[in-house]
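# Inside the fold
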Amino acid sequence: MHIRTNRRSKDRWRSPHAWKRLSAIAALLAAPLLTACGGEESLSARTERAAQEGSAPAQFNLASMYLYGDGVEQNAERAVEWFLKAAEQGHIEAQYNLGKAFAEGVGAGADREAAGKWYRLAAEQGNAEAQFRLGRLLDRGDPRSEAATWYLAAAEQRHAAAQYHLGRLYREHAQQPSDYLEAYVWLRLAADFDDRAYKLLEEMVGFQRENGEFMIDRFQIKEAKARLAAWLEKHQQ
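Here the residue numbers are simple positions, counted from 1 along each chain's written sequence. Where local features are concerned, this predicted model is filtered to residues with pLDDT of at least 70; where side-chain atom pairs are given and counted, the filter is 80 or more; whole-chain, interface and lining totals use all residues. Side-chain measures here rest on the full set of heavy atoms in the structure, leaving out hydrogens and waters.

Moving on, we get to the packing of aromatic side chains. Note on aromatic contacts: the rings of Phe and Tyr and the six-membered ring of Trp form a pair at centre separations within 6.5 Å, being stacked when their planes are under 30 degrees apart, edge-to-face when over 60 apart, and tilted otherwise. Scanning all chains against the criterion turns up 4 aromatic pairs. Relative to Tyr151, the ring of Phe132 has its centre 6.2 Å away and its plane inclined at 35 degrees; by these criteria the two rings are tilted. In this pair, Phe132 is assigned in helix α8 (residues 128-138) and Tyr151 in helix α9 (residues 146-155), connecting sequence segments 19 residues apart. Each member of the pair Phe132 and Tyr151 is classed as buried. Think of it as a cone above the ring: NZ of Lys or CZ of Arg counts as a charge over the ring if it is within 6 Å of the ring centre and within 35 degrees of the ring normal. Here the guanidinium or amino end of Lys85 rests over the ring plane of Trp82, the centre of that ring lying 5.6 Å away. Runs of E in the DSSP output that reach at least two residues are strands. Runs of H or I that reach at least four are helices, and both are numbered from the N terminus. In this scheme, a residue with accessible area under 20% of its type's maximum is buried, one over 50% is exposed, and one in between is partly exposed, where area comes from a 1.4 Å probe on protein chains only.

Our focus in this paragraph is the environment of Glu223. Secondary-structure assignment places Glu223 in helix α13 (residues 218-234). Placed 38 residues apart in sequence, Glu223 and Val185 show a C-alpha to C-alpha distance of 9.8 Å.

So, on to the packing of α8 against α9. It is at 8 Å that the axes of α8 and α9 come closest, and there the two elements cross at 160 degrees. One way to sum up the angle between α8 and α9 is to call them roughly antiparallel. Both α8 and α9 take part in a crossing whose hand is left-handed. Counted together, Ala128, Gln131, Phe132, Leu134, Gly135, Arg136 and Leu138 of α8 and Glu146, Ala147, Trp150, Tyr151, Ala153 and Ala154 of α9 form the full contact between these two elements. Each axis is a line fitted through C-alpha atoms, taken for helices only over the stretch in contact, and angles between the N-to-C directions span 0 to 180 degrees. Reported orientations rely on four angle classes, namely roughly parallel under 35 degrees, roughly antiparallel over 145, roughly perpendicular from 65 to 115, and oblique for the rest. Two helices crossing with the near one rotated counterclockwise from the far one by less than a right angle form a left-handed crossing, whereas a clockwise rotation gives a right-handed crossing. We call two residues contacting when some pair of their heavy atoms lies within 4.5 Å.

As a further point, take helix α4 (residues 56-68). Along its 13 residues, α4 runs 18 Å from first to last C-alpha, staying within 8% of the 18 Å computed at 1.5 Å per residue. Burial runs high along α4: 10 of the 13 residues are buried. Listed in full, the buried residues belonging to α4 are Ala56, Ala58, Gln59, Phe60, Leu62, Ala63, Ser64, Met65, Tyr66 and Leu67. Among the residues trailing α4, Gly69 stands out with phi positive, at a value near 70 degrees. Expected helix span is computed as 1.5 Å times (number of residues minus one).

One can expect most non-glycine residues to show negative phi and most peptide bonds to be in trans. Positive phi outside glycine occurs at Arg158, with the angle close to 70 degrees. Within the secondary structure, Arg158 sits in the loop between α9 and α10 (160-172). Residue Arg158 is classed as partly exposed on the basis of its relative accessible area, which comes to 38%.

If you want it as structure tokens, here you go:
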């Protein structure tokens, strides 16, 4: 039996262009092996070279590698050094991570003032986690304090913990009836993610003072629910 072959297909693989394509594919397949054997520059080396040349993203990536021991020996002190270099160039995530390092004493001595400085710089650039953590640093139990301002900034970005703490401030340190409305809105938003918020919300709705008045009555709850609906509509949930 005679089997027909596709001559054009056979000739195609004999062409110089085909061999160039095959060579390129082979090079791609061999790249990881060459890297592992030291035949090419490693990812950590390339990242460090770019970081040394002043690239803020590379400095941040290198810091993260040192922080978690990813491709390099874990070294929290080196991580802080590189986070600092990137943060000084305005890298938001580096500023946040540097603030967290100073707040928790990781790779550097615990320094509340330094933590606040770097959290603030990241918060001012819109980082929700930095806004929340700055709020925690500044929280002194006043719903009209700077802490509440930063909680609000993070809460508006759907940061559940910020929503809870903002609601808690209004709930526990209410200075006027409208504070309970604010507490209800923020605690209700956080309740789907935080059991503490749900518990505070239940207590607030069911709490009755000695004079027979409720902390928040059904009319206030109705208004609070309207505010909640408006917030959800604004944020397109």
